[in-house]
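Observations on chain architecture
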Amino acid sequence: MKKGSVLIVTLTIVIFLSLTIIMMLALYSQLINNYSMQQKRLMVSNVAKSGAYVLADYYIKLLRQNPNLASNLNVDLTASLKEFPGQIEYKVRSDGNYITITCIATLSDRSVSDSYSLRLKKLGGLSFGAALVSNTTVEITNNGIIDGDVEVLQGDLRLENNTAVKGTAYVKGNIVSIGGGGGSKPVIEEDAYAGGSIDASGVVIKGRAYPNQNPVPFPSQYAYGGFPLPSPPPEASSAIISPDPTSSGIVISRSGNYGNITIGNNKSLTFDTSAGDLSVYVSNIYMDTKAEIVVKGGRRVKVYFANNIGPQDNVNNQVTVRVENGSQILFYSAGNGSMTFKNGFQVEVQPPNTKGAVFIYAPNATFEVQNNFTLFGAIITKSFIGLKNKLNNLNLTFADPGSDFPVDFLNPVYTYGGWSK
């Protein structure tokens, strides 16, 4: 090969390698720029989302204390964070029963901007989406079975042997085994989320375990802002009326204030919803031996207790509630203290496998159960304890109410009602 040809080939190779290096450097530079832009977008998106949630939590608590502020909210705010190289804008707007909170995050050089909106809704009733929601520690003992989800908003979920949660557990504190009872380890059949630790050696988790979650992804609306306190229904201010006496007990077929109700030995208190839903206010219900509560007519009954929910005078016999033909009953109260069923609580659904159910909302009360406890429906309470060595069987089976129970609250309550990018 001639020297000129060799030179040309060499120059060609050098030029090719130079171009390749230049292209690689350009590609590397583009990759760095793309990565940098992706990191910026991720940072801005996270700031916008977290900012919206922080302000939403603030307004949920603020409106609980100052409900009149909700009538005309029109707020624009600008803020800055030491850790964020840019500007944060907040917009708060009220529209009837909804409040929209928007957070806009923008970098100082205006290269990236993103927004996140949350919608707060005014609660118009009580919703039930889990078998058990408790504000503090839940303890399930001795053959206790909860067929549905469990939410412990503050405190631990404590499980004795031979117990099971046939759903997902959401717990602010720890999920622990307390042993006892002999037999097999406690079981959570779906996923388990905890803000603290999960006793993986003592509790069998058949789904996935998610310890040390912050925040815990509670699905319940009550996890944000706490339990709203219900106010007495309008019937509370009406004159006290007497239920209709029958040979088998007493019957209530119209809404009203019934004061103190006494159910005699082997007698029943029947709520007849054949003519429509009922709203009933009572001071107390006194139950004698083998007394029962019956709900019929296929509609709904709301029973507000001025004092604690449940039988008075420390009734020692089993409390039986029979719901017929898809009827539903809500027992609710703002009263505090302890609800103790010493010798069991039994819900009977007739015919079996229909949608009849019992729902209990007692956000200020401690719920204590002994001996046999069977309920189809759901419970929301301050705390739930199956008394150790005294609870033989617990069967709490979640039943979907289908829709909220419309009730009034002592103060208007707002909670999360949707979001959008």
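Residues numbered from 1 in each chain as written. Predicted model: local features only at pLDDT ≥ 70, side-chain atom pairs only at ≥ 80, totals over all residues. Heavy atoms only, no water.

Details of the side chain of T320
Worth spelling out the cut-off: A run of DSSP states H or I qualifies as a helix once it reaches four residues; a run of E qualifies as a strand once it reaches two. Both are numbered from the N-terminal end. Here, two residues are considered to be in contact whenever any of their heavy atoms come within 4.5 Å of each other.
Position of T320 relative to the elements: it lies in strand 25 (residues 319–324). The contact partners of T320, leaving out residues within four places of it in the chain, are A291, E292, I293, Q346 and E348.

Description of the packing of aromatic side chains
Put simply, the test is: Any pair of Phe, Tyr and Trp rings, taking the six-membered ring for Trp, is counted once the centres come within 6.5 Å. Such a pair is stacked with planes under 30 degrees apart, edge-to-face with planes over 60 apart, and tilted for the rest. Burial status follows relative accessibility: with a 1.4 Å probe on protein chains alone, a residue under 20% of its type maximum counts as buried, one over 50% as exposed, and anything between as partly exposed. Both a distance and an angle decide whether a charge sits over a ring: NZ of Lys or CZ of Arg must be within 6 Å of the ring centre and within 35 degrees of the ring normal.
Scanning the entire structure with this criterion turns up 16 aromatic pairs. Centroid distance Y58 to Y59: 5.4 Å. Interplanar angle 85 degrees. Geometry classified as edge-to-face. Ring centres of Y193 and Y210 lie 4.7 Å apart, and the angle between their planes is 10 degrees; on these two criteria the pair is classed as stacked. Of this pair, Y193 sits in strand 15 (residues 192–194) while Y210 sits in strand 17 (residues 209–210), placing them 17 residues apart in sequence. Relative accessible area serves as the criterion here: at 16%, Y193 is assigned to the buried category. Three or more aromatic residues link up through ring pairs in this structure, and these residues are F128, F359 and F405. One cation-aromatic arrangement involves R300 over F405; the distance from NZ or CZ to the ring centre is 3.8 Å.

Some words on unusual backbone geometry
In this structure, the amide linkage connecting N214 to the following residue, P215, adopts the cis form with an omega of 5 degrees. In this structure, P215 sits in the loop between strand 17 and strand 18 (244–246). Of note in the backbone geometry, N212 takes a positive phi value of approximately 55 degrees without being a glycine. Note on placement: N212 falls in the loop between strand 17 and strand 18. Unusually for a residue other than glycine, N266 sits at a positive phi of about 60 degrees. Tracing the sequence through the fold places N266 in the loop between strand 20 (256–263) and strand 21 (268–272).

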